[in-house]
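# Inside the fold
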Amino acid sequence: MDRIYAPWRIEWVERESDPIDGCPFCVLPEREDDRESRIVARSERNYVLLNNAPYNPGHAMVIPNEHREDPTDLGDAVLFDHAKLKAATLAALRRDVDPDGVNTGQNLGTSAAGGSVDHLHTHVVPRWDGDTNFMPVTGGTKVIVEAIDRTYEHLHAGFAAGDDVVDSGDAEAGEAVEFEFDV
Ligand SMILES: [Zn+2]
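Under an unreviewed UniProt entry, the name given to the protein is Histidine triad (HIT) protein, and the source organism is Halorubrum kocurii JCM 14978.

Structure representation (structure tokens):
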């Protein structure tokens, strides 16, 4: 029997030192300091947030600015921007975190969700050959916080080193669409 492997089931958890009133994925991008909020990059309609409960270092989430539960509730422009920012996140990870592989996934609906956040988000989880769940390995909140801060620098550097306009791929498939992100 194959075991279903879903490291993205671990959800973002609030920092005890910084309680958030309301939906964290709506509140955090409204704040002034992206670094303090651990927002690594932003596009026009989505942003990239480091998971506070990482499965592995570099565990990030691509999140639409607007609060929706399900991809079918999002408009085409948001979906396209979401997909492009996910691709940019993969590129940034490969550039500066260099994993052996990556899992991506979404938890939709109550039976799939690992947490209580009902604001759609796509997990992007770097994987290394032979890795195990990072949290039990390192243990302790302080270690996790330091690791996340270090990871922030790496992933941020990965984004910063990339073009702020991601190649839209084969032009024959259709009109090239402009996509930009900021770090
Ligand atoms: Zn929200």
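Attention now moves to the side chain of H82. Secondary-structure assignment places H82 in helix α3 (residues 76-96). A residue is classified by how much of its surface remains accessible, and H82, at 8% relative accessible area, is buried. A polar side-chain atom of H82 sits 2.7 Å from a polar atom in the side chain of T122. Ignoring sequence-local partners within four residues, the contact set of H82 consists of N46, V62, I63, P64, Q106 and T122.

To continue, consider the pattern of salt bridges. Tallying each qualifying case throughout the model produces five salt bridges. We note a salt bridge from D149 to R38, for which the minimum N-O separation is 3.2 Å. With D149 in helix α5 (residues 141-161) and R38 in the loop between α2 (34-37) and β1 (39-43), this residue pair connects regions lying 111 residues apart in the sequence. Here R38 falls in the buried class, since its relative accessible area comes to 5%. R45 serves as the salt-bridge partner of E44, at 3.5 Å between the closest nitrogen and oxygen.

Attention shifts here to the sheet that holds strand β3 (residues 60-64). On the basis of which strands lie adjacent, the open sheet formed by six strands has the order β4-β5-β3-β2-β1-β6 and antiparallel pairing. The sheet is open, and its two edges are formed by β4 (101-105) and β6 (181-182), each paired on a single side. As paired strands, β1 and strand β2 (residues 46-50) are joined by three bridges and run antiparallel to one another. Paired with R42 across the bridge in β2 is Y47. On top of the sheet, α3 reaches β1, β2, β3, β4, β5 (122-127) and β6; it is set at about 160° to β3, its chief contact.

With that settled, consider unusual backbone geometry. Even without a glycine there, the phi angle at R38 is positive, about 65°. With a phi close to 55°, D98 is a non-glycine residue in the positive phi region. With respect to the helices and strands, the residue D98 is situated in the loop between α3 and β4. Here D98 falls in the exposed class, since its relative accessible area comes to 55%.

The element β5 is extensively covered by neighbouring structure, given that six of its six residues are classed as buried. Side-chain alternation along β5 places T122, V124 and P126 on one buried face and H123, V125 and R127 on a second face that is also buried. Of the pairings in the sheet, the one linking β3 to β5 comprises three bridges and is antiparallel in character. Along β5, the bridge assignment pairs V62 with T122. As paired elements, β4 and β5 share five bridges and run antiparallel to each other. Bridge assignment links G105 to a residue of β5, and that residue is H123.

Moving on: the packing of aromatic side chains. What the rule picks out here adds up to one aromatic pair. Their ring planes at 75° and their centres at 5.3 Å tell us that F159 and F181 sit as a pair that is edge-to-face. Pair noted here: F159 is in helix α5 and F181 is in strand β6, with a separation of 22 residues, a long-range link. Across the pair, F181 and F159 agree in class, each one buried.

Rules of the game
- Residues numbered from 1 in each chain as written.
- Predicted model: local features only at pLDDT ≥ 70, side-chain atom pairs only at ≥ 80, totals over all residues.
- Heavy atoms only, no water.
- Helix = DSSP H or I, 4+ residues; strand = E, 2+ residues; numbered from the N terminus.
- Buried < 20%, exposed > 50% of the residue type's maximum accessible area, 1.4 Å probe, protein only.
- Polar contact = N/O pair within 3.5 Å; in protein donor to acceptor, adjacent residues only side chain to side chain.
- Contact = heavy atoms within 4.5 Å.
- Salt bridge = Lys/Arg side-chain N within 4 Å of Asp/Glu carboxyl O.
- Pairing = 2+ DSSP bridges.
- Axes fitted to C-alpha atoms, helices over the stretch in contact; angles between N-to-C directions.
- Phe/Tyr/Trp six-rings, centres within 6.5 Å; stacked < 30°, edge-to-face > 60°.

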